[in-house]
Amino acid sequence: MNNPPNYISSAGFAALRAEYEHLFAVERPQIVEIVSWAAGNGDRSENGDYLYGRKRMREIDGQLRRLSKKMKDAKVIDPAQQPDKSRAYFGATVTIADEDDNQRIVTLVGDDEADASAGRIGWNAPLSRALRGATIGDLRKVTLPVGEKEYEVLAIRYPG
């Protein structure tokens with residue numbers, strides 16, 4: 001079964017790779033060393049260093065598998081190369097206003113790069129899905145946990 005592509009910017013992909021490399025080249029070898037040392041201390045059933053080290057190694061290995069899968073499924077997109085900059089697609093920074101004329105600026109990013117507090121919303125988030133393909137002046141409805149809201153697209157810009 002094919003997974004849908006994991007859209008991501010080159011900066012987001014670099015961050016995933018850096019996290020993977022740090023876990024693989026720094027943290028995991030440190031834990032392996034601790035576990036080896038602790039295993040040599042005898043009774044492993046009550047050896048905290050050994051038990052914690054084994055648990056942490058499983059966590060690291062799981063995270064490495066998840067990161068590897070994300071990178072494998074990643075489709076790196078350069079928002080500056082978007083051919084139709086009049087519509088909101090991946091990488092667009094969109095200024096929207098709700099019914100009460102409260103303005104908000106959001107950037108459509110990959111799900112792994114999302115940070116709502118910084119205005120970066122994941123590609124598969126409800127607001128992002130509603131804004132896909134929108135042009136300036138479009139009204140888009142979004143179903144949120146608090147109910148349905150309507151937003152007007154005021155501006156769209158791309159980096160570069």
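Novice: Would you take a moment to explain the overall build of the protein chain for this structure?
Specialist: Looking only at helices and strands, the protein chain features three helices and seven strands. Helices and strands appear in the protein chain in the N-to-C order β-α-α-β-β-β-β-α-β-β. Computed over the C-alpha atoms, the radius of gyration of the protein chain is 22 Å, more than 25% above the 15 Å expected from 2.2 N^0.38 for a compact globule of 160 residues. Taking the principal axes of its C-alpha atoms as reference, the protein chain extends roughly 70 × 35 × 30 Å. Looking at the protein chain as a whole, 34% of its 160 residues qualify as buried. If you sum the accessible surface of the protein chain, you get close to 9,900 Å²; carbon and sulfur atoms cover 50% of it. In the protein chain, 23 positive and 24 negative side-chain charges are present, and the distance between their average locations comes to 6 Å.

Novice: Please clarify how helix α1 (residues 10-39) should be interpreted in this entry.
Specialist: Counting along an α-helix, one turn takes 3.6 residues, and residues three or four places apart therefore face a common direction. Taking 1.5 Å of rise per residue, the 30 residues of α1 would be expected to cover 44 Å, and the 42 Å separating its terminal C-alpha atoms lies within 8% of that figure. In this structure, the buried side of α1 is in contact with β1 (6-8) and α2 (48-73).

Novice: Would you mind going over the layout of surface pockets with me for this structure?
Specialist: Empty space among the atoms can be located by rolling a probe the size of a water molecule over them. In this model, the largest pocket occupies a volume close to 170 Å³. In terms of lining residues, the largest pocket is bounded by eleven residues, among which Pro 5, Asn 6, Tyr 7, Asp 111 and Asn 124 are the most central. Elements supplying a minimum of two residues to the lining of the largest pocket: β1 and α2. Taken together, the residues of the lining of the largest pocket sort by class into four nonpolar, three polar and four charged.

Novice: Teacher, can you tell me more about the confidence of the model for the protein chain here?
Specialist: Any region with low pLDDT has predicted coordinates that should not be read closely. Taken as a whole, the protein chain shows an average pLDDT of 91; of its residues, 97% reach a score of 70 or greater. The element-level mean pLDDT for the protein chain is lowest in β1, coming to 89, with strand β3 (residues 93-97) highest at 96.

Novice: Would you mind showing me how to read the pairing of strand β4 (residues 103-109) here?
Specialist: Along a regular strand, successive side chains alternate from one face of the sheet to the other. One ladder, built from five bridges, connects β3 with β4; its direction is antiparallel. Its bridge partner lying in β4, Thr 93 is registered against Thr 107. As consecutive antiparallel partners, β3 and β4 are separated by five residues, and within that stretch Asp 101 has a phi angle of approximately 65°, a positive value. The pairing of β4 with strand β5 (residues 120-122) spans three bridges and is classified as parallel. Residue pairing for β5: Val 109 is matched across the bridge by Gly 122.

Novice: Quick question: what am I supposed to make of the packing of aromatic side chains here?
Specialist: We describe a pair of aromatic rings using the distance from one ring centre to the other and the angle between the two ring planes. Inspection of the entire model under this criterion finds four aromatic pairs. Ring centres 6.1 Å apart and planes at 10° place the aromatic pair Tyr 20 and Phe 24 in the stacked group. Taken together, the positions of Tyr 20 and Phe 24, both in helix α1 and four residues apart, correspond to about one turn of that helix. Within the aromatic cluster, the residues linked to one another by ring pairs are Tyr 7, Phe 90 and Trp 123. Positioned above the aromatic ring of Trp 123, the side-chain terminus of Arg 132 is 4.2 Å from the ring centre.

Novice: What exactly am I supposed to notice about the sheet that holds β3 here?
Specialist: In sheet architecture, strand pairing relies on hydrogen bonds along the backbone and comes in two forms, parallel and antiparallel. Read from one edge to the other, the open sheet built from five strands follows the order β5-β4-β3-β7-β6, with strand pairing classed as mixed. Of all the strands in the sheet, the pair left with one neighbour each is β5 and β6 (139-144). Strand after strand, the sheet turns through a mean of 45° between neighbouring axes, direction not considered.

What counts and how
Residues numbered from 1 in each chain as written. Predicted model: local features only at pLDDT ≥ 70, side-chain atom pairs only at ≥ 80, totals over all residues. Heavy atoms only, no water. Helix = DSSP H or I, 4+ residues; strand = E, 2+ residues; numbered from the N terminus. Rg over C-alpha atoms; globule rule 2.2 N^0.38 Å. Buried < 20%, exposed > 50% of the residue type's maximum accessible area, 1.4 Å probe, protein only. Areas by Shrake-Rupley, 256 points an atom, 1.4 Å probe, with all protein chains shown as cover. Lys, Arg positive; Asp, Glu negative; His and termini not counted. Charge placed at Lys NZ, Arg CZ, Asp CG, Glu CD. Expected span 1.5 Å × (residues − 1). Contact = heavy atoms within 4.5 Å. 1 Å grid on protein atoms, 1.4 Å probe; cavity = no way out; pocket = protein on both sides within 12 Å on 5 of 7 lines; lining within 4 Å. Points joined across faces, edges and corners; volume = space filled by probe spheres on them. Nonpolar A, V, L, I, M, F, W, Y, C, P; charged D, E, K, R; others polar. pLDDT = per-residue confidence, 0-100. Pairing = 2+ DSSP bridges. Phe/Tyr/Trp six-rings, centres within 6.5 Å; stacked < 30°, edge-to-face > 60°. Lys NZ or Arg CZ within 6 Å of the ring centre and 35° of its normal. Axes fitted to C-alpha atoms, helices over the stretch in contact; angles between N-to-C directions.

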